[in-house]
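Residues per chain, in single letters:
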Amino acid sequence: MRRYASLFLVFLLASPLTFAQSPQIAAERPALVLAIVVDQMRYDYLPRFESEFMGGLKRLLNEGAVFTNANYEAAPTVTSVGHATILTGATPSISGIAANTWYERSEGKNVQSITDENVTSLGGTAGASPKRLDVSTIGDELKISGKGGKVYGVSLKDRGAILTAGRMADGAFWFDSNSGMFVSSTWYFPSLPAWAVAFNAALPADNFAGMLWEGKQMAATAGPELYGELDAT
């Protein structure tokens, strides 16, 4: 079975005053908290493939806290619900994110979890935002605390970046398979930051043209076919 991994990263760039005052941990307060979610990666994959791990995952298993039976009481187990639940702790009945897509009675049409026609896409094809998320994420709570910090979400998919970062995030970026660039929306800023424009201008996705992945050769030329295949890697 081919498994498609949807990876998102949430960056919490915390100020020195972000965390609770405690002399015992004062010297250990992190400047960066990184949350990573890999779609379809169950806990039992960690011991099953442990011999293949090097670096990051191996270190987490050997030196970190590993929960062998951690579950959220949330259904359906689709990506939007998972993204919202993990970073808010709220089930769909509370979070407002009940599925990837659903029929919204108040609007009389089908919507996606991140559909927002009141914002403009910055580089993509449709506006998207966290407006349908009714609860706060960890990043939102960091913002609400008033103690500083920056929050960013990055993902191949819009919902992965948006629903994990939260309503108050400094930015969210996702991969557009038509252009091969990372895009966003005016929910966060009026235009893409200069550093994001510079990153896209280097066309990093094009570097994968013709490369081999697990025995399969990717599209030989840059374009939507290649960009779509990147999702499967």
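In this text the structure is predicted, and so the values were computed from the model without any measurement.

Before going further, it helps to examine the overall build of the protein chain. When helices and strands are tallied, the protein chain shows 8 helices and 10 strands. Burial status across the protein chain gives 36% buried among its 233 residues. For the protein chain, the share of sequence-separated contacts (at least 6 apart) that also reach a separation of at least 24 residues comes to 49%. When the accessible surface of the protein chain is summed, it comes to about 13700 Å², and 57% of that surface belongs to carbon and sulfur atoms.

Turning our attention to the nonpolar core. Grouped together as the largest cluster of nonpolar side chains are 26 residues, with contacts concentrated most on I97, L133, I162, A172, W174, Y188 and F189. Looking at this core, the elements that each hand over two or more residues are α6 (158-165) and β7 (171-176). Apart from residues no more than four positions distant in its own chain, Y188 is found in contact with P130, I162, A169, D170, G171, A172 and W174. Counting residues in hydrophobic clusters, the runner-up holds 7 residues, among them F175, M218, A219 and L226.

In this model, Q40 sits at a positive phi of 75°, which is unusual for a non-glycine residue. Counting through the fold element by element, Q40 comes out in the loop between β2 (32-38) and α1 (45-48). Backbone geometry at E214 places phi at a positive 50°, although glycine is not the residue there. Along the chain, E214 falls in the loop between β9 (212-213) and β10 (216-217).

Next up on the list: the confidence of the model for the protein chain. In this model, the protein chain carries an average pLDDT of 87, and 88% of its residues clear a pLDDT of 70 or more. For residues 1-8, every residue scores under 50 in pLDDT, and the model assigns this stretch 31 contacts once sequence neighbours within four places are set aside. Contacts from residues 11-22, a stretch scored under 50 in pLDDT, to residues over four places away or in other chains number 38 contacts.

Here is what the cut-offs are and how they apply
- Residues numbered from 1 in each chain as written.
- Predicted model: local features only at pLDDT ≥ 70, side-chain atom pairs only at ≥ 80, totals over all residues.
- Heavy atoms only, no water.
- Helix = DSSP H or I, 4+ residues; strand = E, 2+ residues; numbered from the N terminus.
- Buried < 20%, exposed > 50% of the residue type's maximum accessible area, 1.4 Å probe, protein only.
- Contact = heavy atoms within 4.5 Å.
- Areas by Shrake-Rupley, 256 points an atom, 1.4 Å probe, with all protein chains shown as cover.
- Core = buried A, V, L, I, M, F, W, Y, C linked by side-chain atoms within 4.5 Å.
- pLDDT = per-residue confidence, 0-100.

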